[in-house]
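Structure at a glance
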Amino acid sequence: MAAIGSIRKHGVALMIIIGLALLAFILGDLSQVTRTFSNKNTMARIDGKRMDKVYSEQYEQNTALMRLIQNKSSFDENETYQIHEMTWRQMLQDQVIDKQLAKLGLSFNDQMVEDFKADMVASLSTQNPNQFLMQFAQALAQQYGPENAMAIISNIDEYANNEQAKELYGAYQAIVRFALSAEKSNRYFSLAQNSVYFSDPLAKKLAGDNKLAMVSLMAINPQAPAFNNVVAEVSDKEVKDFYKTHKDDLFHVYERNCDLDVAVFPINPTASDLKAIEDSVRADFQKFTESDLLAYSTEKGNGSVDSTFYKAEDIQLDVLDSLIFKVPVGSYIEPFAYENTKWYFGKVYGGAARPDSVQVATVELPFKTSQNTSATRTKKEARLLADSLKNVIASNQASIYALQSTYMPNRDKNADTTFWIPERGTIPTLYNELIATPDGGVYVYKAPNGYIVFQVVSRTAAIDKRQFVLYDYNIEASDATVNKIKSQANQFAASISSADELVSTAAKKGIQTVRGTNVLSMASTIQQLPNCRDIVSWAFSDDVEEDAISDVINVERMYFAVASLRNMREIGSQKFKDVKKDVKDLLVAEKKTQMVAEQVNSALSSSNMQAVAQQYNTQVMDSVFLSFTGDAYQNRNIGGKAIGQIFALPTNKPTAVNDKNMVFVVNVAEMNSNPASKGYMMEKNILRNEVLGRERNEMTLVNYLITKANVLDNRTRFYQK
């Protein structure tokens with residue numbers, strides 16, 4: 001009661017205090033909620049800067065570039081994942097290096113970027129062109145001709161807002177970004193490399209330690225059966241102390257990841273499925289042989305028959321080339337199954353002896369369009385000029401080279417526009433016109449942005465080519481089989497409640513399982529299991545907790561999967577309970593290695609190396625040279641810890657020394673010192689190489705800068721497939 005009275009006595013003051021505390025609590029909690037909500041709606045943030053738009057744009061640009069370079073219209077999940085990771089890594093590196101350059105006053109301004117882009121374009125006429133830009137130019141040349149290709153590249157910024165040229169402009173932007181990123185990195189890393197100083201006393205110490213040893217050597221594996229009786233133990237205190245010392249380096253997670261267990265139910269056709277598929281294929285083939293070719297193609301939804309001529313080397317499907325080229329034109333290709341994936345049948349309906357490529361010289365006459373605003377001629381003017389050029393060549397039997405200065409006054413009169421056009425990859429109607437044109441003759445082709453006047457120079461010898469149609473049928477499980485397998489997966493999922501149960505129950509029932517360790521949020525595979533985005537996306541969902549069991553996941557009709565999240569590693573130092581077993585296993589292995597070394601030394605005290613080698617089923621290598629400053633590869637994969645012990649050994653006294661995972665028995669026959677170099681130049685180079693090996697140093701430095709940045713990666717919320 002006294003307490004209540006006291007509160008009443010000081011009610012106003014206390015209410016103010018309580019009110020402020022409550023307000024602070026509410027605001028603190030609200031800020032946490034706001035931050036969480038904000039994070040859920042943010043895809044990427046670096047040092048407080050939201051990067052959603054930047055990442056999306058760069059990903060689309062990189063995808064456009066990869067499509068162009070690889071000549072693909074789409075990518076599978078693994079390829080898509082690689083583009084995502086390339087984009088993410090490049091964006092992170094650009095951000096942290098831009099920040100470092102800004103601190104040094106070395107930021108790239110707009111004029112520097114424009115000058116850099118101009119240098120890239122100029123490189124196309126040198127012996128060392130930008131490789132991405134060269135491939136970009138070649139792709140444009142195939143589509144629009146060489147002259148138009150250079151015009152497009154030179155005026156590429158005019159296409160920035162052109163929706164029809166979005167892919168091309170995006171690919172170009174990616175090329176610029178890649179090259180600019182490399183230039184910035186080179187400048188920064190050059191500064192970083194040259195900022196390190198190695199003192200004379202340090203180099204002098206290395207010179208004193210820099211020795212060469214000729215030894216007899218044998219390696220002993222502590223995990224060999226001969227040492228099964230060697231049992232190492234470590235205390236809980238040792239485990240905890242090791243964790244405390246190394247939690248921020250050995251046990252720090254820099255990117256959120258998880259461990260998964262996945263039960264796999266392959267969707268394979270049954271024997272009855274295979275029989276039904278074959279019956280269907282043979283019935284369709286019978287109908288095909290009784291139908292008109294074009295009518296059947298139209299019924300199948302193709303609309304037309306492929307008119308391309310193929311040579312034998314063009315046929316990528318094994319055995320198909322012999323089926324096509326060893327039968328008379330008009331022959332049917334009987335149904336056949338290929339690698340248990342597809343059935344095929346078709347018909348060889350045409351054949352001819354044709355050149356595989358034609359050599360031409362060209363004059364390009366662009367006309368003004370919305371995609372080619374820099375041209376000065378109208379479409380009609382360009383057509384009249386093309387016809388005039390064709391008539392002049394035909395009547396005077398002249399060559400394009402002689403007429404270039406008249407029709408294209410801005411072109412170098414010595415410029416060579418001769419090139420070979422292959423049949424494969426060329427528009428069939430264009431190629432047919434070119435091979436129908438005699439050598440020296442002219443054909444005018446209308447391209448989207450201009451007319452191209454081709455003069456045929458020569459052609460390759462005619463070879464046998466064929467035209468054919470081919471129809472394919474997937475060999476896959478029926479709907480009834482798929483439903484049966486799905487039912488089995490559902491029953492399995494309902495019978496388990498944890499990751500351990502998933503593994504043990506699957507083992508009892510003979511169900512395949514896959515363990516994924518350190519799986520990243522954007523991963524597309526788990527071990528060798530493909531197309532896993534749905535599984536990974538499930539694991540990284542907000543409402544999924546450790547030991548949760550997924551619903552049955554249908555993966556591209558390839559297999560059903562049931563997954564369990566074994567654990568999730570958040571960014572930061574891992575908790576002791578999560579790594580305790582790993583730490584203990586590490587310390588036990590190291591202690592066992594040390595105990596084995598002691599046991600071997602005991603054996604050496606009353607024996608010799610050859611006898612010990614025979615006892616432990618290993619071999620002695622004589623006349624082995626070791627270098628104190630050599631790396632593990634140069635020193636027979638002996639690590640630094642053991643090398644340090646070896647170079648402190650007396651001569652002619654066989655001794656076992658241990659590294660973390662191996663024991664080495666060494667007898668030092670000779671130990672020779674190297675004289676110090678003048679000004680310790682060699683020693684300083686050795687130190688520089690050791691500390692600043694280019695690839696290792698750059699990767700280490702970038703990773704360090706990234707870990708110091710405040711990075712939020714929520715991409716998995718936005719790119720689940």
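All residue numbers refer to positions counted from 1 along the written sequence of the respective chain. Side-chain atom pairs in this predicted model are given and counted only at pLDDT of 80 or more, local residue features only at pLDDT of at least 70, and totals for whole chains, interfaces and linings cover all residues. Calculation of side-chain values draws on the structure's entire complement of heavy atoms; hydrogens and water are dropped beforehand.

Looking at the overall build of the protein chain
Applicable threshold: In this description a helix means any DSSP run of H or I spanning at least four residues, a strand means any run of E spanning at least two, and both kinds are numbered starting from the N terminus. Note on exposure labels: buried denotes an accessible area under 20% of the residue type's maximum, exposed denotes more than 50%, and partly exposed covers the range between, all computed with a 1.4 Å probe on protein chains only. Only heavy atoms matter for contacts: two residues are in contact if any of them lie within 4.5 Å across the pair. Residue burial considers only the protein chains on display, and all accessible areas are found by Shrake-Rupley using a 1.4 Å probe.
Regarding its fold elements, the protein chain presents 25 helices and 20 strands. In the protein chain, buried positions account for 42% of the 721 residues. When contacts within the protein chain are restricted to residue pairs at least 6 apart in sequence, long-range pairs at least 24 apart make up 71% of them. Carbon and sulfur atoms make up 52% of the accessible area of the protein chain, which amounts to about 40000 Å² in all.

Comments concerning the sheet that holds strand S8 (residues 357-366)
Keep this limit in mind: In this analysis, strands are considered paired if DSSP registers two or more bridges between them. Structural elements are reduced to axes, namely lines fitted to C-alpha atoms, with helices fitted over the stretch in contact, and the angle between N-to-C directions of any two is expressed from 0 to 180 degrees.
Pairing in this open sheet of four strands is antiparallel, and the strands run S9-S8-S11-S10 from one edge to the other. The outermost strands of the open sheet, each flanked by one partner alone, are strand S9 (419-422) and strand S10 (442-447). Averaged over all pairs of adjacent strands, the angle between their axes in this sheet comes to 45 degrees, without regard to strand direction. Sheet analysis places S8 next to S9, joined by four bridges and oriented antiparallel. Along S9, the bridge assignment pairs Val358 with Ile421. Taken strand by strand, helix H14 (residues 379-396) contacts S8, S10 and strand S11 (450-459), and its axis lies near 25 degrees from that of S11.

Quick word on the packing of aromatic side chains
When we look at a pair of aromatic rings, we describe it by the centre distance and by the angle of the planes. Worth spelling out the cut-off: Each Phe, Tyr or Trp ring, with Trp reduced to its six-membered ring, pairs with another whose centre is within 6.5 Å; inter-plane angles below 30 degrees give stacked pairs, above 60 give edge-to-face pairs, and intermediate values give tilted ones. Charge-over-ring contacts are defined here by two conditions on Lys NZ or Arg CZ: a distance within 6 Å of the ring centre and an angle within 35 degrees of the ring normal.
The tally for this structure, following the rule as stated, stands at 26 aromatic pairs. Considering the side-chain rings of Tyr55 and Tyr719, the 5.9 Å spacing of their centres and the 70 degrees angle between planes classify their relative orientation as edge-to-face. Remark: Tyr719 occurs in the segment after helix H25 (715-718) and Tyr55 occurs in helix H3 (residues 52-70); sequence separation between them is 664 residues. The pair Tyr55 / Tyr719 is uniform in exposure class, with both members buried. Feature note: the residues Phe285, Phe288, Tyr296, Tyr332, Phe345, Tyr471 and Tyr473 constitute an aromatic cluster, connected by ring pairs. Its end group placed over the ring of Phe108, Lys184 keeps NZ or CZ at 5.7 Å from the ring centre. One Lys or Arg, Arg354, reaches over the ring of Phe309 and ends 4.0 Å from the middle of that ring.

A word on the sheet that holds strand S19 (residues 663-673)
As summarised here, the arrangement of the four strands in space is S17-S3-S19-S18, forming an open sheet in which the pairing is antiparallel. Each edge of the open sheet carries a strand with a single partner, namely strand S17 (621-627) and strand S18 (655-658). Taken pair by pair, the neighbouring strands of this sheet meet at an average axis angle of 45 degrees, ignoring direction. Relative to S19, strand S3 (residues 211-220) runs antiparallel, the two being bridged by 10 bridges. Note that in S19 the partner of Ser216 across the bridge is Asn667.

A closer look at the side chain of Lys347
Note the cut-off: Counting rule for charge: Lys and Arg are taken as positive, Asp and Glu as negative, and neither His nor the chain ends is counted. By salt bridge we mean one thing: a side-chain nitrogen of Lys or Arg within 4 Å of a carboxyl oxygen of Asp or Glu.
Inspection of the secondary structure assignment puts Lys347 in strand S7 (residues 342-355). Asp292 is the oppositely charged side chain nearest to the buried, salt-bridge-free Lys347, at an N-O distance of 7.9 Å. Setting aside residues up to four positions removed in sequence, Lys347 forms contacts with Phe288, Gly330, Ser331, Tyr332, Ile333, Gln467, Phe468 and Val469.

Details of the environment of Glu77
For Glu77, the location among the structural elements is in helix H4 (residues 77-103). Owing to a relative accessible area of 11%, Glu77 belongs among the buried residues under this scheme. Sequence spacing of Glu77 and Ala523 is 446 residues, and the spatial spacing of their C-alpha atoms is 9.0 Å.

Quick word on the pairing of strand S5 (residues 257-266)
Strand residues, when the strand is regular, have side chains that alternate between the two faces of the sheet. By the criterion of burial, S5 is predominantly enclosed, with nine of the 10 residues buried. As paired elements, S5 and strand S13 (residues 512-520) share seven bridges and run antiparallel to each other. Across the sheet, residue Cys258 finds its bridge partner in S13, namely Val519. Two strands pair when backbone bridges link them, and S5 and strand S15 (residues 559-569) are joined in this way by 10 bridges, in the antiparallel orientation. Paired with Asp259 across the two strands is Asn567, which belongs to S15.

These figures come from the coordinates and say nothing about function on their own.
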